[in-house]
Amino acid sequence: MDDQPVAPVSDTDWRDGFVFVANQLSLDFVNTKPVINGIAVEMLPDAAALARWLAAAELISAGQGRELARTWLGKGGDDIARIQEFREALRAVVFELESGLDLAGGFLRMINELLLRYPLAEQLEYSSEGLRRVRRFDPFGPADAFAPLVNQVVDLLVCANRSRIRKCDSCALHFLDTSKKGLRRWCSMQICGNRHKVAAYAKRTREGRQGLFSLPQGEVG
Ligand SMILES: [Zn+2]
């Protein structure tokens with residue numbers, strides 16, 4: 001048994017190269033343009049990437065994601081531009097909500113137009129717990145991604161405790177704090193929390209040394 005390889009710890013923050021730390025899909029969508037080493041990185045540059053993200057977000061199956069990534073390859077550039085534009089409008093709204101501001105009328109109109117144009121069909125189906133209502137999403141083209149995205153934005157706006165919508169203390173990612181105490185400060189322990197803890201520990205250790213030994217400035221750290 002001793003020579004069994006250690007199983008890798010599953011990394012739930014990342015799925016197929018996308019980060020999912022927000023506890024809310026519309027915020028995970030905002031997080032598809034993170035800032036890495038000071039540079040904003042576009043994770044949804046084209047329709048094939050969008051198909052992969054929809055599968056990673058579990059809005060479609062992995063097989064459907066692979067199929068759409070193939071059929072959408074090189075297509076839907078205008079739709080992707082609109083989806084990116086919507087994401088940036090949502091990002092601005094998220095910053096406003098985090099600052100305690102109310103939802104701007106222009107964004108509300110945009111959401112209502114998108115809800116009318118990209119409705120999600122509802123279906124009744126059996127599950128292990130009995131009958132349940134499900135929202136059906138069968139994307140034909142990249143723009144159909146608006147249907148689940150806008151639906152998730154509405155969920156965020158109507159259901160979530162807005163004081164729990166936050167930006168990470170250390171990076172550009174946003175999240176919904178669903179912790180019991182509501183004191184979450186980082187996008188995730190793996191991405192920023194541990195780094196912060198290590199830095200804080202190093203700082204405490206340095207300060208401890210300074211306190212204990214009164215090292216002159218410039219000799220520590
Ligand atoms: Zn972070």
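First, a word on what this report is: a plain description of the structure on this page.

To continue, consider the coordination of the zinc ion. At the metal site, the zinc ion is ligated by Cys168 (SG), Cys171 (SG), Cys187 (SG) and Cys192 (SG), and these contacts range over 2.3 Å. Every donor counted, the 4 donor atoms about the zinc ion form angles of 105 to 115° at the centre, which fits tetrahedral coordination. Each donor residue of the zinc ion belongs to the same chain, with the gaps between them written as C-x2-C-x15-C-x4-C. Cys187 gets classed as buried once you look at its relative accessible area, which sits at 1%. Looking at Cys192, the relative accessible area reads 1%, which means it is buried.

A word on the side chain of Thr32. Assignment of secondary structure puts Thr32 in the loop between α1 (25-30) and β3 (35-36). In this structure, Thr32 is in contact with Val41, Glu42, Met43, Leu44, Trp53 and Arg87, ignoring residues within four places of it in sequence.

On to the packing of aromatic side chains, then. Two measures describe an aromatic ring pair: the distance that separates the ring centres and the angle between the ring planes. Taken as a whole, this structure holds 6 aromatic pairs when the rule is applied. Residues Phe86 and Phe146 carry aromatic rings whose centres are separated by 5.6 Å and whose planes lie at 70° to one another, so their mutual orientation is edge-to-face. With Phe86 in helix α4 (residues 77-98) and Phe146 in helix α6 (residues 146-159), this pair connects stretches of sequence that are 60 residues apart. Each member of the pair, Phe86 as well as Phe146, is classed as buried.

With that settled, consider the side chain of Asn31. With respect to the secondary-structure elements, Asn31 resides in the loop between α1 and β3. Using a relative accessible area of 2% as the deciding quantity, one classes Asn31 as buried. Within the structure, the side chain of Asn31 is placed 2.8 Å from the backbone oxygen of His174, a separation counted as a polar contact. In this structure, Asn31 is in contact with Val19, Val21, Ala22, Ala172, Leu173 and His174, ignoring residues within four places of it in sequence.

What follows is about the nonpolar core. Core analysis: the biggest nonpolar cluster contains 56 residues, and Phe29, Leu50, Trp53, Leu54, Phe86, Phe107 and Phe146 have the highest contact counts within it. Elements that contribute at least two residues to this core include exactly β2 (18-19), α1, α2 (47-56), α3 (62-71), α4, α5 (105-117), α6 and β8 (174-176). Sorting elements by how many residues they give to this core places α2 first, with 8 residues. Sequence-distant contacts of Phe146, that is, excluding residues within four places in its chain, are made with Arg82, Ile83, Phe86, Leu114, Tyr118 and Asn151.

Turning next to the environment of Phe18. Mapping Phe18 onto the fold places it in strand β2. Judged by relative accessible area, which is 3%, Phe18 ranks as buried. Taking the C-alpha atoms as reference points, Phe18 and Ala49, 31 residues apart in sequence, are found 9.9 Å from one another.

Quick look at unusual backbone geometry now. Located in the positive-phi region is Asn23, a residue other than glycine, with phi close to 65°. Among the structural elements, Asn23 can be located in the loop between β2 and α1. One non-glycine residue, Glu58, adopts positive backbone phi at about 65°. Tracing the backbone through its elements, the reader meets Glu58 in the loop between α2 and α3.

A cluster of nonpolar side chains, namely Leu124, Tyr126 and Leu131, defines an oily patch on the protein surface of about 410 Å² accessible area. Along the chain, Leu124 falls in strand β5 (residues 121-127).

Where α2 contacts α3, the two axes come as close as 8 Å, and the packing angle between them is 175°. It follows from the interaxial angle that α2 and α3 lie roughly antiparallel. The segment α2 lies against α3, with Ala48, Ala51, Arg52 and Ala55 engaging Ala62, Gly65, Leu68 and Ala69. Looking at the contact of α2 with α3 residue by residue, the class counts come to 6 nonpolar, 1 polar and 1 charged.

This paragraph deals with the pattern of salt bridges. Within this structure, the stated rule accounts for 13 salt bridges. In this structure, Asp16 engages Arg52 in a salt bridge whose closest nitrogen and oxygen atoms are separated by 3.0 Å. Taken together, the residues span a long stretch of sequence, with Asp16 in the loop between β1 (14-15) and β2 and Arg52 in helix α2 at a distance of 36 residues. According to the relative accessible area criterion, Asp16 is partly exposed, its value standing at 46%. By relative accessible area, Arg52 is classed as partly exposed at 34%.

Thresholds, definitions, all that
Residues numbered from 1 in each chain as written. Predicted model: local features only at pLDDT ≥ 70, side-chain atom pairs only at ≥ 80, totals over all residues. Heavy atoms only, no water. Donors = N, O, S within 2.8 Å, 3.2 Å for Na, K, Ca; no water. Tetrahedral: all angles 85-135°; square planar, octahedral: opposite > 155°, others 65-115°. Buried < 20%, exposed > 50% of the residue type's maximum accessible area, 1.4 Å probe, protein only. Helix = DSSP H or I, 4+ residues; strand = E, 2+ residues; numbered from the N terminus. Contact = heavy atoms within 4.5 Å. Phe/Tyr/Trp six-rings, centres within 6.5 Å; stacked < 30°, edge-to-face > 60°. Polar contact = N/O pair within 3.5 Å; in protein donor to acceptor, adjacent residues only side chain to side chain. Core = buried A, V, L, I, M, F, W, Y, C linked by side-chain atoms within 4.5 Å. Patch = residues over 30% accessible without salt bridge, like charges linked within 9 Å, V, L, I, M, F, W, Y side chains within 5 Å. Areas by Shrake-Rupley, 256 points an atom, 1.4 Å probe, with all protein chains shown as cover. Salt bridge = Lys/Arg side-chain N within 4 Å of Asp/Glu carboxyl O. Axes fitted to C-alpha atoms, helices over the stretch in contact; angles between N-to-C directions. Parallel < 35°, antiparallel > 145°, perpendicular 65-115°, else oblique. Nonpolar A, V, L, I, M, F, W, Y, C, P; charged D, E, K, R; others polar.

Treat this as a map of the structure, not an account of what it does.
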